[in-house]
Structure formats: structure tokens, C-alpha cells
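# Results of the structural survey
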Amino acid sequence: MTAVIDAPPAQPEQQPGQRVRNYRDVFAWPTTIDSVSGDVYLQLGATVDALIMRAGSGAEVNNFLARHMLRVPIIVVPGDPNDWIFLTQPRTTMRMSSWGDLVRTQIGWKRRRDTVLLPASDNVKEGVRWLERPQPHMTLPPWTTVADAARWASSPCGTW
């Protein structure tokens, strides 16, 4: 006889304080808790940065990075359409033309010290969630690597 399990057993939801400790201890990310909502936020700029794009563009960029054997933590922000947030190392200098390419292709970023809502690790269906979860001891890709992948994916010929 074969048993079929439709869903994995429910795991207890992590409390915000535990999530902050996990993100700080495991990933060394600067996080804060919203005292009213209990949401956990990642502060951008010093340790981690992010590029933001629409789901369609994000899928192309993620595919390009995966083909080059790079994994990037990606947060999905629901909307119409969804936004994907690619977490990277802190941004570095780029030529003005590179910044222009990102703007032209609607790739965005936040200012240093802005925050991004981090999903609960057990959330896979609704609200802000991980598309690609960060892994312990994972080195985030350089900002320019993800920016260049976004520029490549948006090019009609696939090259710059």
C-alpha cells in the first residue's frame, strides 16, 4: 500500500525575534523588527544591496545567472505584475551608460539605508516570499554581476 501526502507537515512559524537572529547569525545581514507589525526588514547598503525588476525580466535574469552557475537570493513582492528583488553585495561604481541601461529597461534599486521586507522562511504561497532562498555561508553575487545580467537579458541580441 502506498500513502500519498499532499502537503508537508506544518512547521511552527518562526517568531520575528528568531527570524532576526537567523538572518544576523547565519547570513550576517543587518536586520530590524517593526515593533508594531513584527515584520523583519533588511537594511540595504553596507552589507547587502538589491536590484528590483518585474517578474518577466527577473525570470530572464535568473535564467541567465543560473546558466552561469550563480545562485541569487530572490524575494517576490506580490503585485500586478510581481516585483522580484535580487539580493547582491553592496553596489559598486558603474559607468553612467550602465546606469542608463538599467533605467531604460526598468531595473530599479533602493537608496542606501532603505529597507526591504524579508519573508518568513515558511511562507511559500502568499505575501512577500522567497523565490530563491539564501543558503547558509552563501556569498552574495556582486552588484555588477546582476546588473550586467539584467542588461544582457534586456538586449535584443543578448550582448552588450
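Residues numbered from 1 in each chain as written. Predicted model: local features only at pLDDT ≥ 70, side-chain atom pairs only at ≥ 80, totals over all residues. Heavy atoms only, no water.

Scanning the chain from N- to C-terminus turns up 4 helices and 8 strands. In the chain, buried positions account for 37% of the 160 residues. Nonlocal contacts in the chain, meaning residues at least 24 apart in sequence, comprise 70% of its contacts between residues at least 6 apart. When the accessible surface of the chain is summed, it comes to about 9700 Å², and 53% of that surface belongs to carbon and sulfur atoms. (Helix = DSSP H or I, 4+ residues; strand = E, 2+ residues; numbered from the N terminus. Buried < 20%, exposed > 50% of the residue type's maximum accessible area, 1.4 Å probe, protein only. Contact = heavy atoms within 4.5 Å. Areas by Shrake-Rupley, 256 points an atom, 1.4 Å probe, with all protein chains shown as cover.)

Once that is clear, we can look at the environment of P141. Relative to the helices and strands, P141 is located in the loop between β8 (129-132) and α4 (143-154). Note on P141: relative accessible area 4%, which makes it buried. Along the chain, P141 and T88 lie 53 residues apart, while their C-alpha atoms are 5.2 Å from each other. In contact with P141, not counting residues within four places along its chain, are R71, V72, L87, T88, Q89 and V146.

Okay, helix α2 (residues 55-67) next. The terminal C-alpha atoms of α2 lie 18 Å apart, and with 13 residues this matches the ideal 18 Å at 1.5 Å per residue to within 8%. Within α2 the residues assigned to the buried category are A55, G58, V61, N62, F64 and L65. Where the residues of α2 are buried, they touch β3 (49-54), β4 (74-77), β5 (83-88), β8 and α4. In the segment just after α2, M69 is the residue with positive phi, at about 60°. (Expected span 1.5 Å × (residues − 1).)

A few words on the pairing of strand β7 (residues 115-118). A one-sided burial pattern is seen for β7, the buried positions being V116 and L118 and the unburied ones T115 and L117. As judged from the 4 bridges shared by strand β2 (residues 40-43) and β7, these two strands associate in the antiparallel manner. Counted as the bridge partner of L42 is V116 from β7. (Pairing = 2+ DSSP bridges.)

Below, the discussion takes up the nonpolar core. Formed by 20 residues in total, the largest nonpolar core has its most connected members in L51, M53, V61, L65, F86, L102 and V146. The element that contributes the greatest number of residues to this core is α4, accounting for 5 residues. With 18 residues, the next largest nonpolar core counts Y23, F27, L87 and V116 among its residues. (Core = buried A, V, L, I, M, F, W, Y, C linked by side-chain atoms within 4.5 Å.)

Running from amino to carboxyl end, helix α3 (residues 96-104) crosses α4 at an angle of 55°, the nearest separation of the two axes being 10 Å. Judged by the angle between their axes, α3 and α4 are oblique. Between α3 and α4 the crossing geometry is left-handed. On α4, the residues that touch S98, W99, D101, L102 and R104 of α3 are W143, A147, A150, R151 and S154. Across the contact of α3 with α4, the residue classes break down as 5 nonpolar, 2 polar and 3 charged. (Axes fitted to C-alpha atoms, helices over the stretch in contact; angles between N-to-C directions. Parallel < 35°, antiparallel > 145°, perpendicular 65-115°, else oblique. Left-handed = near helix turned anticlockwise from the far one by under 90°. Nonpolar A, V, L, I, M, F, W, Y, C, P; charged D, E, K, R; others polar.)

So, on to α3. In an α-helix, one turn spans 3.6 residues; hence positions three or four apart end up facing the same way. Every buried residue belonging to α3 is among S98, W99, D101 and L102, and all of these are buried. Each buried residue of α3 lies within a common arc of 155° when the element is viewed along its axis, so the set occupies one face. Turned more than 90 degrees away from the buried face of α3 sit M96, V103 and R104, all of them exposed. Taken together, the buried residues of α3 touch β3, β6 (108-109) and α4. In the segment just after α3, Q106 is the residue with positive phi, at about 60°. (Arc of directions from axis to C-beta.)

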